[in-house]
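Architecture and fold: a report
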Amino acid sequence: MQCGSLKASLGTSLPCKASRARVSTRSRVTRVTQAVADLQKAVPFLPTADHLAKWSNTSWRNFTALQQPEYPDQEELEKACAEIASYPPLVFAGECRTLQERLAQAATGEAFILQGGDCAEAFSQFNANRIRDLFRLILQMSVVMMFGGGVPIVKLGRLAGQFAKPRSANMEEKDGVSLPSYRGDIINGPEFTAEARTPAPWRLVKAYNQSAATLNLLRGFSTGGYAGLDRVTKWNLDFMANSEEGKAYTDLARRVDEAIAFMQACGLDMNSSVMKETEFYVSHECLLMGYEEALTREDSTSGLWYGCSGHMLWCGERTRQLDNAHVEYMRGIGNPIGVKVSDKMDPGQLVALIATLNPENTPGRLAVIVRMGATKLREKLPVLIEAVAAAGQVVAWVCDPVHGNTEEVNGYKTRRFENVKAEVEAFFDVHEQCNSVPGGIHLEMTGDNVTECIGGGACVSELDLSSRYHTHCDPRLNAEQALEMAFYVASRLRQRRDRIQKELESKGKVVMLY
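Residues numbered from 1 in each chain as written. Predicted model: local features only at pLDDT ≥ 70, side-chain atom pairs only at ≥ 80, totals over all residues. Heavy atoms only, no water.

**Some words on helix H3 (residues 74-85)**
Look at H3: 16 Å from first C-alpha to last across 12 residues, which is about the 16 Å you get at 1.5 Å a residue. Within the span of H3, buried status applies to Leu-77, Ala-80, Cys-81 and Ile-84. Seen end-on, H3 carries its buried residues on one side only, within an arc spanning 95°. In H3, the exposed residues that point more than 90 degrees away from the buried face are Glu-75 and Glu-78. Those residues of H3 that are buried are in contact with helix H7 (202-223), helix H10 (289-294) and strand S6 (296-298). A distance of 3.2 Å separates the backbone nitrogen of Glu-75 from a side-chain oxygen at the start of H3, and that oxygen is part of Asp-73. (Helix = DSSP H or I, 4+ residues; strand = E, 2+ residues; numbered from the N terminus. Expected span 1.5 Å × (residues − 1). Buried < 20%, exposed > 50% of the residue type's maximum accessible area, 1.4 Å probe, protein only. Arc of directions from axis to C-beta. Contact = heavy atoms within 4.5 Å. Polar contact = N/O pair within 3.5 Å; in protein donor to acceptor, adjacent residues only side chain to side chain.)

What follows is the structure, encoded as structure tokens:
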């Protein structure tokens with residue numbers, strides 16, 4: 001029986017096999033077309049982009065690479081990098097694309113970035129409890145900001161790769177003895193001995209293994225129920241139970257619990273991923289080029305190359321030169337990236353740097369991380385914001401209030417909490433004046449009960465510095481100080497939200513803001 005006679009005998013418009021095949025083919029083509037369109041939106045550029053014509057994952061080798069250690073045995077270095085290159089990636093391209101979408105929201109004020117962690121990770125301090133405590137602190141801070149500020153929080157750890165540190169001098173001298181500067185455990189050791197300070201390639205492999213173990217634990221925490229909002233009252237760190245910040249968090253957590261109970265009564269599914277899981281990403285400074293190259297992988301989905309050592313990489317104040325290796329490498333990878341900017345940055349140079357790193361002007365591709373100190377920030381940041389806006393460039397502006405506020409007290413490098421807070425205050429003030437978007441905050445902090453920064457509700461004094469000064473590098477905010485900062489940021493986010501809402505209402509517009 002022919003297809004037509006079958007339809008006639010059934011009295012229906014049953015499609016014939018050929019017709020169904022055509023519909024199926026069109027459907028597949030539509031799905032593929034939509035998938036390609038979605039992918040194009042999720043990547044910073046296509047693999048056919050003009051700026052990639054002379055780029056490769058090794059093209060950085062044709063440029064000057066600053067802040068690289070001098071390894072005495074190059075053959076051993078090549079072996080270590082080759083070994084890492086044979087290992088699996090630490091992160092995946094799809095995760096990086098999702099992060100780019102989240103950072104794009106931060107650039108427009110629909111989300112806020114919380115980026116924090118150790119100045120430099122240490123081999124000797126690596127254990128599950130320390131990872132858990134930092135993760136828990138970031139969760140606490142994000143709840144404070146999200147509940148108080150009314151915006152989603154993009155959680156980024158300085159973690160699982162933040163081992164290396166740039167140095168202002170190649171050599172350090174003590175008592176007439178000169179040795180290579182300590183550059184982080186991935187390169188050499190902090191002990192002031194010739195053996196410890198000699199750069200050792202095996203440390204690269206150890207850093208990879210520690211990063212892999214850290215990411216494994218973080219993924220378990222993020223998706224295994226530990227980060228569920230029904231546990232918000234259980235996240236308080238033990239040593240903070242009786243502190244003012246701990247009490248304030250406990251009070252807020254109870255309010256969150258009450259809100260969740262109300263929503264559950266309204267039919268909220270407590271077993272949904274929104275309630276039981278959280279997104280958590282890792283980031284570090286892109287510094288050691290051999291290590292980064294070894295973990296640069298081509299993504300089979302998009303055809304782009306990604307730096308698979310971390311979800312987000314940034315170049316620092318000492319390595320952001322347009323004609324140097326770090327910028328050459330970072331302009332071609334598909335990751336979200338950041339660039340640290342001090343008061344020394346010229347507005348024209350910043351516009352040129354942004355154009356190089358984000359040639360397609362893709363939202364979420366680039367974060368400009370500002371580190372100046374409060375006084376200089378009020379003077380210099382407005383000019384940078386105006387230059388970037390005039391060029392039509394889209395970036396997420398992030399405040400790093402710690403690096404511009406380091407001083408020495410009683411022989412210890414430290415930071416005063418009031419200076420750190422003053423820079424955050426200046427950051428929000430400047431963006432309000434410029435009618436631009438404060439996109440995030442970047443902190444060196446720890447979940448440990450340390451005494452490395454002076455002041456704040458923790459009441460750490462100059463005399464307390466010697467009590468629990470554990471950092472191998474720069475001083476970090478302790479958990480109480482970090483949580484106090486989160487409450488302040490939440491208040492500024494709330495003020496911004498209320499101000500924008502009033503402006504819209506005065507114009508007769510009713511818009512629901514996050």
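**With respect to the environment of Leu-204**
Positionally, Leu-204 belongs in helix H7. By relative accessible area, Leu-204 is classed as buried at 2%. A C-alpha to C-alpha distance of 9.8 Å links Leu-204 and Glu-83, two positions 121 residues apart in sequence. The contact partners of Leu-204, leaving out residues within four places of it in the chain, are Tyr-71, Leu-77, Ala-80, Cys-81, Ile-84, Ile-186, Leu-288 and Tyr-291.

**Overview of the nonpolar core**
Among the nonpolar cores identified, the biggest contains 116 residues, and Met-141, Met-145, Leu-204 and Trp-397 are the most heavily contacted of them. For this core, the element with the most residues is helix H5 (residues 128-149), which contributes 10 residues. Once residues within four sequence positions are removed from consideration, Met-145 is found in contact with Phe-112, Leu-114, Gly-150, Ile-153, Ile-441, Ala-486, Val-489, Ala-490 and Leu-493. Counting residues in each nonpolar core, the second largest holds 15 residues, with Leu-99, Val-154, Trp-314 and Ala-396 among its members. (Core = buried A, V, L, I, M, F, W, Y, C linked by side-chain atoms within 4.5 Å.)

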